[in-house]
Amino acid sequence: MVGLRQLTPIVVDDETNDRAWDDVLSLARAHRLSAYDAAYLELALRRGLPLATLDDKLKAAASAVGVPSFAPRQVKCRFEEGRRPLGVET
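Residues numbered from 1 in each chain as written. Predicted model: local features only at pLDDT ≥ 70, side-chain atom pairs only at ≥ 80, totals over all residues. Heavy atoms only, no water.

Chemist: Break down the overall build of the protein chain for me, with residues and values.
Modeler: When helices and strands are counted, the protein chain shows four helices and zero strands. When the helices and strands of the protein chain are placed in sequence order, the string is α-α-α-α. Within the span of the protein chain, comprising 90 residues, buried residues form 18% of the whole. For the protein chain, the proportion of contacts with a sequence separation of at least 24, taken over those separated by at least 6, is 30%. Carbon and sulfur atoms make up 54% of the accessible area of the protein chain, which totals about 8,000 Å². (Helix = DSSP H or I, 4+ residues; strand = E, 2+ residues; numbered from the N terminus. Buried < 20%, exposed > 50% of the residue type's maximum accessible area, 1.4 Å probe, protein only. Contact = heavy atoms within 4.5 Å. Areas by Shrake-Rupley, 256 points an atom, 1.4 Å probe, with all protein chains shown as cover.)

Chemist: Summarise the side chain of D37; cite the residues concerned and give the values.
Modeler: Along the chain, the position of D37 falls in helix α3 (residues 35-47). Buried within the structure, D37 lacks any salt-bridge partner; K57 is the closest side chain of opposite charge, at an N-O distance of 7.5 Å. Setting aside chain neighbours within four positions, we find D37 in contact with D55 and L58. (Lys, Arg positive; Asp, Glu negative; His and termini not counted. Salt bridge = Lys/Arg side-chain N within 4 Å of Asp/Glu carboxyl O.)

Chemist: Break down the pattern of salt bridges for me, citing the residues and quoting the values.
Modeler: Tallied over the full model, the rule gives one salt bridge. Its salt-bridge partner being E42, residue R46 comes within 2.7 Å of it at the nearest N-O pair. Here R46 and its partner E42 are both found in helix α3, four residues apart, which amounts to about one turn of the helix.

Chemist: Report on the packing of helix α2 (residues 15-31) against α3, specifying residues and quantitative values.
Modeler: At a closest axis distance of 9 Å, the pairing of α2 and α3 adopts a crossing angle of 110°. Between α2 and α3, the crossing angle belongs to the class labelled roughly perpendicular. Crossing handedness for the pair α2 and α3: right-handed. Only A35, A38, A39, L41, E42 and R46 of α3 make contact with α2, whose side of the interface consists of E15, T16, R19, D23, V24, L27 and A28. (Axes fitted to C-alpha atoms, helices over the stretch in contact; angles between N-to-C directions. Parallel < 35°, antiparallel > 145°, perpendicular 65-115°, else oblique. Left-handed = near helix turned anticlockwise from the far one by under 90°.)

Chemist: Can you tell me about the packing of aromatic side chains, naming the residues and giving the values?
Modeler: Any pair of aromatic rings gets described here by the distance separating the centres and the angle formed by the planes. Using the criterion set out here, one finds one aromatic pair in the structure. Ring centres of Y36 and Y40 lie 5.3 Å apart, and the angle between their planes is 70°; this geometry places the pair in the edge-to-face category. One end of the pair, Y36, and the other, Y40, are both in helix α3, four residues apart, so they sit about a helical turn from each other. Residue classification places Y36 among the exposed positions, given a relative accessible area of 57%. (Phe/Tyr/Trp six-rings, centres within 6.5 Å; stacked < 30°, edge-to-face > 60°.)

Chemist: Describe the nonpolar core, with residues and values.
Modeler: One finds V24, L27, A28, L33, A38, L41, A44, L51, L58, A61, A62 and V67 forming the largest nonpolar core, which totals twelve residues. For this core, the elements supplying multiple residues, two or more each, are α2, α3 and α4 (56-64). Not counting chain neighbours up to four residues away, the residues in contact with L33 comprise L27, A28, A38, L41, K57, L58 and A61. (Core = buried A, V, L, I, M, F, W, Y, C linked by side-chain atoms within 4.5 Å.)

Spelled out as structure tokens, the structure:
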């Protein structure tokens, strides 16, 4: 069996320490976010990546600073005749 570490390598972002007290706290104060949420926002902003969140406050802050929301693709599933997914009653 393949271990989780082999599937998803962990990468340490060395820039975060340099930005933690300035950019993250500035974002947190400006948008009334927790430092935790602001850190994700700062990382997405710095890396030019969309932000995946269900939190409305964080979505609004991301939009305000020009960070797009992550929109996953919708996957359609097909099932064989007479079969149904688990938990679905007929």
